[in-house]
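Residues per chain are reported as follows:
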Amino acid sequence: MYRKIAVVGGGAAGMTAAIHAARLGAQVTIYERNDRIGRKILSTGNGKCNFSNEKMGSDCYYGSGVALVDALYEKAGVAQVKDFFQGLGMRLRSRNGYLYPASEQAATVLDVLRFELERRAVRVHTDQQVTDLIRQPDGLCVVTAKKHRERYDAVILACGGRAAPATGSDGAGFVLAQKMGHRITPTVPALVALRGREDFYKRVAGVRCDAGVTLRIDGRPIRSERGELQWTDYGISGIPVFQLSREAAYALQGKSRVTVEIDLIPDGAAAVSSGTYGDSMEGCLDEDKGFWQDRWDRQKNQTMDQFVTGLVNKKVGLLLLKLAGIRETDRAADIPAACREKLARLCRALPLEIKGTNAYEQAQVCAGGVDCSEVMPTLQSRLVPGLFFAGEILDIDGICGGYNLQWAWSSGIVAGQAAAGEKENGD
């Protein structure tokens, strides 16, 4: 049996792995490069820590690790994670399936984990960055930047990806995995804002509005999302944008042309949320004709700045007028048919050219990582006996809503228990 275990990384996955290994009698040491453990947890869910979601499945994930999700979650899924935290004394609260600590404080999640680490006598070495792993006949040797060397029966790499590097996830874990012979799927920032090429963003910065967002890659519609869109001074943000950002980031990395269409009247006759894409725009506009004709008839004597008031956010409305070639002071009755049609089209499919994403510093998660085809279902390396992985270091990432933290807890449980149990052979 593995008895002496090192966990590299004191984040959500690392702490969970350490606790579950220690519960099985292992002597566990966490190596954390920061001056304290769990820093990234404190920033999750705007400080409230949406730690899981009651709607859970592999369809909420991307990457080479998707095939691992359903089987792994049968062992350590949402129910087990809820039991784990309730057993640590944390009351839970569900908001439409989104799970939070009842205190609505991310610090609560971190505190109950810290208390359990102390109770289980897990050693925590902070300010200790692991710089190398050395294979030995009887295990693995951990080497730190401070020249500390120690042999372990098993090592769990749980040092994150590249998102939020200030919290310690700067890609160093990938270097260690590569030294052990593992292949790294190229990474990109995910759950992140998109940056546009247009020069008008400062006109609408700060505006939030309900919208449909459709991603196109080289002109081909990929996927649509609906939710609160946030306009920034450089582009667009908000949950619907985050949900599309992974595919956008990889397309940009591959030098594809990436565009987004914004539906500013998503509750129209052909809402984006129903799955319609730009190819159906003519039908969409046809269904909207009655709405527009009635508005032009009723408000024909208004100026156009008055005409768009109440249609969409006022700042956005004025931007649409400019893009449609309409002056704010023009009378509605005097607007030519071509400009009227363009305004209607922009309301339902405002095109944006995407030039990039925000950096890893602003990303919630990193897509890509250790190729999961080289990892067993218990998250042990197929290449190096005694080496395990947990959390974001693996090539698996989820959508918004607690899915990435659920992966951290679940992979931590499975890796921690496996590292403390019998050595595994085969699948």
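Look a little higher up for the structure.
These numbers come from a predicted model, not from an experiment.

Participant: Lay out empty space enclosed by the protein in plain terms, naming residues and giving numbers.
Facilitator: Sizing a probe to match a water molecule and rolling it over the atoms shows the empty space that remains. Following the criterion strictly, the structure yields two cavities of 30 Å³ or more and no others. Counted as a void, the second largest cavity has a volume near 40 Å³. Around the second largest cavity, the lining residues are Tyr-62, Ala-190, Leu-191, Phe-242, Gln-243, Arg-246, Asp-397, Gly-398 and Ile-399. Residue assignment for the lining of the second largest cavity shows that the elements contributing at least two residues are helix 7 (239-253) and strand 21 (397-398). Counting residues per element, the lining of the second largest cavity draws most heavily on helix 7, at three residues. Counted by class, the lining of the second largest cavity contains five nonpolar, two polar and two charged residues.

Participant: Residue-level account of the environment of Leu-110, with values.
Facilitator: By the element assignment, Leu-110 lies in helix 4 (residues 106-119). What makes Leu-110 buried here is its relative accessible area of 6%. Setting aside anything within four residues of it in sequence, one finds Leu-110 in contact with Met-15, Ile-37, Gly-38, Ile-41 and Leu-42.

Participant: I'd like to hear about the side chain of Gln-406, residue by residue, with values.
Facilitator: Inspection of the secondary structure puts Gln-406 in helix 12 (residues 403-419). For Gln-406, a relative accessible area of 0% translates into the label buried. Those residues in contact with Gln-406 that lie beyond four places of it in its chain are Phe-51, Ser-52, Met-56, Tyr-61, Tyr-73, Ala-76, Gly-77, Val-78 and Val-81.

Participant: Outline the packing of aromatic side chains, supporting the account with residue identities and numerical values.
Facilitator: According to the stated counting rule, one finds 11 aromatic pairs in the structure shown. Plain terms: the ring middles of Tyr-73 and Trp-407 are 6.4 Å apart, the flat faces sit at 45° to each other, and that makes the pair tilted. You can see Tyr-73 sitting in helix 2 (residues 66-75) and its partner Trp-407 sitting in helix 12, a full 334 residues away along the chain. Each member of the pair, Tyr-73 together with Trp-407, is buried. For the ring pair Phe-291 and Trp-292, a centre distance of 5.3 Å and an interplane angle of 75° mean the geometry is edge-to-face. Phe-291 gets classed as partly exposed once you look at its relative accessible area, which sits at 39%.

Participant: Outline the sheet that holds strand 3 (residues 52-53), supporting the account with residue identities and numerical values.
Facilitator: Taken together, three strands build an open sheet; the order of strands is 3-6-5 and the sheet is antiparallel. Of all the strands in the sheet, just strand 3 and strand 5 (92-95) have a single pairing partner and so form its edges. Pairing between strand 3 and strand 6 (residues 98-101): two bridges, direction antiparallel. Looking at strand 6, one finds that Asn-53 is bridged to Tyr-98.

Participant: Explain helix 11 (residues 337-348) to me, and be specific about the residues and the numbers.
Facilitator: Under the 1.5 Å per step criterion, the end-to-end length of helix 11 is 17 Å for 12 residues, consistent within 8% with the ideal 16 Å. Among the residues of helix 11, those classed as buried are Cys-339, Leu-343, Ala-344, Leu-346, Cys-347 and Arg-348.

Participant: Explain the packing of helix 2 against helix 12 residue by residue, including any values.
Facilitator: Close contact between helix 2 and helix 12 brings their axes to 10 Å; oriented N to C, the two are set at 65°. Classed by the angle they form, the pair helix 2 and helix 12 counts as roughly perpendicular. Considering only the axes of helix 2 and helix 12, their crossing is left-handed. Seen from helix 2, the contacting residues are Val-69, Leu-72 and Tyr-73; seen from helix 12, they are Tyr-403, Gln-406, Trp-407, Ser-410, Ser-411 and Val-414. Grouping the amino acids of the contact of helix 2 with helix 12 by side-chain chemistry returns six nonpolar, three polar and no charged.

Participant: So what about the packing of helix 10 (residues 314-323) against helix 11? Which residues, and what values?
Facilitator: Where helix 10 meets helix 11, the axes come as close as 9 Å, and the angle between the chain directions of the two elements is 130°. With respect to each other, helix 10 and helix 11 are oriented oblique. Crossing handedness for the pair helix 10 and helix 11: right-handed. Only Lys-342, Leu-343, Leu-346 and Cys-347 of helix 11 make contact with helix 10, whose side of the interface consists of Leu-320, Leu-321 and Leu-323.

Participant: So what about the environment of Ile-184? Which residues, and what values?
Facilitator: Topologically, Ile-184 is positioned in strand 12 (residues 184-190). A C-alpha to C-alpha distance of 52 Å links Ile-184 and Phe-291, two positions 107 residues apart in sequence. In contact with Ile-184, not counting residues within four places along its chain, are Phe-174, Ala-177, Gln-178, Gly-369 and Val-370.

Participant: Please provide a residue-by-residue account of the pattern of salt bridges, values included.
Facilitator: Applying the stated rule across the entire model yields 33 salt bridges. Linking Asp-132 and Lys-179 is a salt bridge whose minimum nitrogen-to-oxygen distance equals 3.8 Å. Taken as a pair, Asp-132 in strand 8 (residues 130-136) and Lys-179 in helix 5 (residues 172-179) lie far apart in primary sequence, 47 residues in all. Among the residues examined, Lys-179 registers a relative accessible area of 47% and is labelled partly exposed. Glu-261 is paired through a salt bridge with Arg-216; the nearest N and O atoms lie 3.3 Å apart. Of this pair, Glu-261 sits in strand 17 (residues 258-263) while Arg-216 is found in strand 14 (residues 208-217), placing the two residues 45 residues apart along the sequence. On the basis of relative accessibility, which here comes to 9%, the residue Arg-216 falls in the buried class.

Participant: Explain the sheet that holds strand 9 (residues 139-144) to me, and be specific about the residues and the numbers.
Facilitator: On the basis of which strands lie adjacent, the open sheet formed by three strands has the order 8-9-10 and antiparallel pairing. Strand pairing shows two members of the sheet lacking a second neighbour, strand 8 and strand 10 (149-152), which therefore form its edges. Within this sheet the neighbouring strands show an average axis-to-axis angle of 25°, counted without direction. Where strand 8 lies against strand 9, six bridges are found, and the strand directions are antiparallel. Each residue of the ladder has a partner; that of Gln-136, found in strand 9, is Gly-139.

About the cut-offs
- Residues numbered from 1 in each chain as written.
- Predicted model: local features only at pLDDT ≥ 70, side-chain atom pairs only at ≥ 80, totals over all residues.
- Heavy atoms only, no water.
- 1 Å grid on protein atoms, 1.4 Å probe; cavity = no way out; pocket = protein on both sides within 12 Å on 5 of 7 lines; lining within 4 Å.
- Points joined across faces, edges and corners; volume = space filled by probe spheres on them.
- Helix = DSSP H or I, 4+ residues; strand = E, 2+ residues; numbered from the N terminus.
- Nonpolar A, V, L, I, M, F, W, Y, C, P; charged D, E, K, R; others polar.
- Buried < 20%, exposed > 50% of the residue type's maximum accessible area, 1.4 Å probe, protein only.
- Contact = heavy atoms within 4.5 Å.
- Phe/Tyr/Trp six-rings, centres within 6.5 Å; stacked < 30°, edge-to-face > 60°.
- Pairing = 2+ DSSP bridges.
- Expected span 1.5 Å × (residues − 1).
- Axes fitted to C-alpha atoms, helices over the stretch in contact; angles between N-to-C directions.
- Parallel < 35°, antiparallel > 145°, perpendicular 65-115°, else oblique.
- Left-handed = near helix turned anticlockwise from the far one by under 90°.
- Salt bridge = Lys/Arg side-chain N within 4 Å of Asp/Glu carboxyl O.

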